[in-house]
Amino acid sequence: MADEEGSFYIELCKNPIRFDPVDKVTNVFYDDANKQVFTVRSGGAVGVVVKGPSEKDTITFRMESRGDVSSIKFSPDRRILAVQRSPKSVEFVNFNEDMTTDQLEYSQTCKGKSTIVSGFVWTSPNEIVFITDHGIEFYQITPERRTLKCLKTINISVCWFVWLMESSCLLLASGTQGNQLNPFFFRPSIITKLTKFEVDLPSHQKSTKQPLLERDVSMANIYGQLYVIVLRHQPRPGSVGAEIVLYQIHRDVAARKTDIMRLELSGRFAINVVNNLIVVHHQASRTSVIFDINLDGESDGFVRYHHPVVSPLPIRPFRLMLPSLGIQGGQTKMEYNCELYSANWVVFQPNVIIDAKLGCSWYVELKLEPIVTMIPDKHVLAKFLLARDDSKRVILNVCRSMLSSESQATLSTISKVLDMLNKVYQDYLNSEIHVLAGDPPSKPDPAMKVVIDQSDMYTHVFSVFEDNKSIKYKFMVAVLIEYIRSLSENNITVQHYLYELIINILVHNNCFYQLHQFLQYHVLQDSKPLACLMLSLESVYPPAHQLALDMLKRLSTANEEIIEVLLSKQQLLPALRFIRSVNIVDAVSSRKFLEAAMNTDDAMLFYTVFKFFEQRNVKIRGNPRFQRGEHCEMYVKHFEGLFGTDALAEMVAAS
């Protein structure tokens, strides 16, 4: 299966960031906050090349060589460069708008003679944190003066640290085994210390005094919540293989262990977070596997246990143009297969893989189409896809396939999927209503990324009924009725084109009795477009005319339409009775009625209609004459031609 073109659900981005690989004079650094790769040659004296996600992010400059660089990062606005060469201090260089340096460096030494700087992170364009073995030092930089001011220091024994820029969260590890984790949140000029928590270590690891290592801990935002991700190589008693444990960070209480992923494998692992999925790469088997904490898992009342969503598969093979080993036909470059799961790979959160020896930085990407065939339960599949970015087309294809005769699902399964789609649809409509009302928009559910509305279903899903003649019409009607039920239960107004589709299917299959029942018992809701459709069916089903009229009357906002229908059928007396019953005699156009009466070529009918409106004129104006603005002169002449001026004059005299 892995050899087939469409069977890989994890792949590396097609255009990786290319940089000079590591060698004797070249070092490579990655700044995960700014997503930048730094290539430093000869300590910066020969040159520094900075590459970001796009070509326009490339920066090139030189620095004085003052020793080996151990860390290098730009501030978030890329106006200040911080470089660490010594365990005691960090140096700074200001950059101009055109990304040239001002050449004057300045530095800051950590506090305490025995203190060692383990690393640093930028928390804002002008604020930086030194992480030392004794705690953290929070500085504010004034680049114009080339000075740093210490805002706060916190003393704590630090084993290692993890930083997540998108949440401004710093995690410090302390304790003899490095399993006491201390979260800190940063805002401009402010540090907020959260309650520390302890990562429980397996008894074997405790007895052998094996510490919790930095390489086994990361942080990521999953479904809008901040988690600490811990890779536990030694499982709990009764388990096989390694596990991944999630601790959810809370601002008001200590972090809580919420989820455990069962890998059932041992060896070297690397973890990415892609599209709210935990992607685990296993080096020994050269496969990757995905976990989704949004899907239901086993629970002991405290922690949920998850298995992989689908079976492990390799990353899609990646080919790269590299310098040729020998000149063949003048070629200087040839295409090579990259070694996947290389020992040189270094993984960064959320979705970056770097091979410094190859000189490549990739983004890990998820492909949804291959997963569709790997999850047989359509309800689970729909829930999985709804939580993914850019999944709309795939969801619609899944819904379409559920209706096709080749892979038809049960009505019960279809119903569950439709209810799930319409719940998201309802939430979206409600949020839109709140925005229109001027209320603050409600926070979207991060597990619901896609809205499938009625037009999507009509255009891309229910169109299968027209394309596939092998589907039984009873199934078509049942699915459409189920969709309408689901919309109604979620308080969503059903669009008329869905009703039209049902009616057309029933008419095409001569199911007029069922159509009559649907209308009579209001399975199909009253609407003007639906009434007009019913009127058009009168030639094949005569009762449709009366059904349409009844529907228009029930709407009580369709008086004009009812009059038009009756006049078009030359039912003038029923039309007169109707306008009298709804008290709109004074408002209707007499010309419209007189024209319709004249077109019938029925003299007595024309007489009746003419007299009706003369009486209306008397009632309104005390005079039977039609006003000039009503444009009824030709109908008065027609009346005189049929009955003589005496009949008209008689009535005038009587007035």
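Description of the structure in this document. (Residues numbered from 1 in each chain as written. Predicted model: local features only at pLDDT ≥ 70, side-chain atom pairs only at ≥ 80, totals over all residues. Heavy atoms only, no water.)

1. Regarding the overall build of the protein chain
Argument step 1. Scanning the protein chain from N- to C-terminus turns up 17 helices and 33 strands.
Argument step 2. Against the 2.2 N^0.38 benchmark of 26 Å for 655 residues, the protein chain shows a C-alpha radius of gyration of 38 Å, more extended than a compact globule.
Argument step 3. Along the longest, intermediate and shortest principal axes, the C-alpha atoms of the protein chain span 125 × 65 × 60 Å.
Argument step 4. In the protein chain, which comprises 655 residues, the proportion classed as buried is 49%.
Argument step 5. For the protein chain, the share of sequence-separated contacts (at least 6 apart) that also reach a separation of at least 24 residues comes to 51%.
Argument step 6. Surface accessibility of the protein chain: about 32200 Å² in total, with carbon and sulfur atoms responsible for 51%. (Helix = DSSP H or I, 4+ residues; strand = E, 2+ residues; numbered from the N terminus. Rg over C-alpha atoms; globule rule 2.2 N^0.38 Å. Buried < 20%, exposed > 50% of the residue type's maximum accessible area, 1.4 Å probe, protein only. Contact = heavy atoms within 4.5 Å. Areas by Shrake-Rupley, 256 points an atom, 1.4 Å probe, with all protein chains shown as cover.)

2. Overview of the pairing of strand β3 (residues 26–31)
Argument step 1. Of all six residues that make up β3, five are buried, and the element is covered over most of its length.
Argument step 2. Following β3, the chain reverses through four residues before pairing antiparallel with strand β4 (residues 36–41); K35 in that reversal takes a positive phi of roughly 55°. (Pairing = 2+ DSSP bridges.)

3. Structural notes on the environment of L385
Argument step 1. Along the chain, L385 turns up in helix α3 (residues 378–386).
Argument step 2. Among the residues examined, L385 registers a relative accessible area of 1% and is labelled buried.
Argument step 3. With near-sequence residues (within four places) excluded, L385 lies in contact with L368, S391, V394, I395 and V398.

4. Overview of the sheet that holds strand β20 (residues 217–222)
Two orientations exist for strands paired in a sheet by backbone hydrogen bonds: parallel and antiparallel.
Argument step 1. Read across the sheet, six strands follow the order β20-β21-β22-β23-β28-β27 without closing on themselves; strand pairing throughout is mixed. Of all the strands in the sheet, just β20 and β27 (298–299) have a single pairing partner and so form its edges.
Argument step 2. As paired strands, strand β22 (residues 243–248) and strand β23 (residues 256–262) are joined by six bridges and run antiparallel to one another. Among the inter-strand pairings, L246 is bridged to a residue of β23, identified as D259.

5. Focus: the packing of aromatic side chains
Argument step 1. Applying the stated criterion to the full structure yields 26 aromatic pairs.
Argument step 2. Seen from their ring centres, F38 and F74 are 5.9 Å apart, and the 35° between their planes marks the pair as tilted. Here the residue F38 occupies a position in strand β4, and F74 occupies one in strand β7 (residues 71–74), the gap between them amounting to 36 residues.
Argument step 3. According to the relative accessible area criterion, F38 is buried, its value standing at 0%.
Argument step 4. Overall, the relative accessible area of 1% leaves F74 in the buried class.
Argument step 5. The interplanar angle of 80° and the centroid separation of 5.2 Å between the aromatic rings of F612 and F613 together place this pair among those described as edge-to-face.
Argument step 6. A connected cluster of aromatic rings, assembled from ring pairs, spans F606, Y607, F610, F626, F639 and F643. (Phe/Tyr/Trp six-rings, centres within 6.5 Å; stacked < 30°, edge-to-face > 60°.)

6. Focus on the nonpolar core
Argument step 1. I290, F384, F462, F465, I579 and F593 are the most contacted members of the largest nonpolar core, which has 124 residues in total.
Argument step 2. The element that contributes the greatest number of residues to this core is helix α9 (residues 496–508), accounting for nine residues.
Argument step 3. I579 has contacts with I563, I584, V585, V588, F593 and F612, leaving out every residue within four places of it along the chain.
Argument step 4. The next biggest cluster of nonpolar side chains, apart from the first, holds 25 residues, and it includes V199, I249, I260 and V303. (Core = buried A, V, L, I, M, F, W, Y, C linked by side-chain atoms within 4.5 Å.)

7. A short note on the sheet that holds strand β25 (residues 277–282)
Argument step 1. The three strands lie next to each other as β24-β25-β26, forming an open sheet whose pairing is antiparallel. Of all the strands in the sheet, just β24 (269–274) and β26 (287–291) have a single pairing partner and so form its edges. Averaged over all adjacent pairs, the angle separating strand axes in this sheet is 25°, with direction ignored.
Argument step 2. With five bridges joining them, β25 and β26 adopt antiparallel strand pairing. Counterpart to V280 in the pairing with β26 is V289. (Axes fitted to C-alpha atoms, helices over the stretch in contact; angles between N-to-C directions.)

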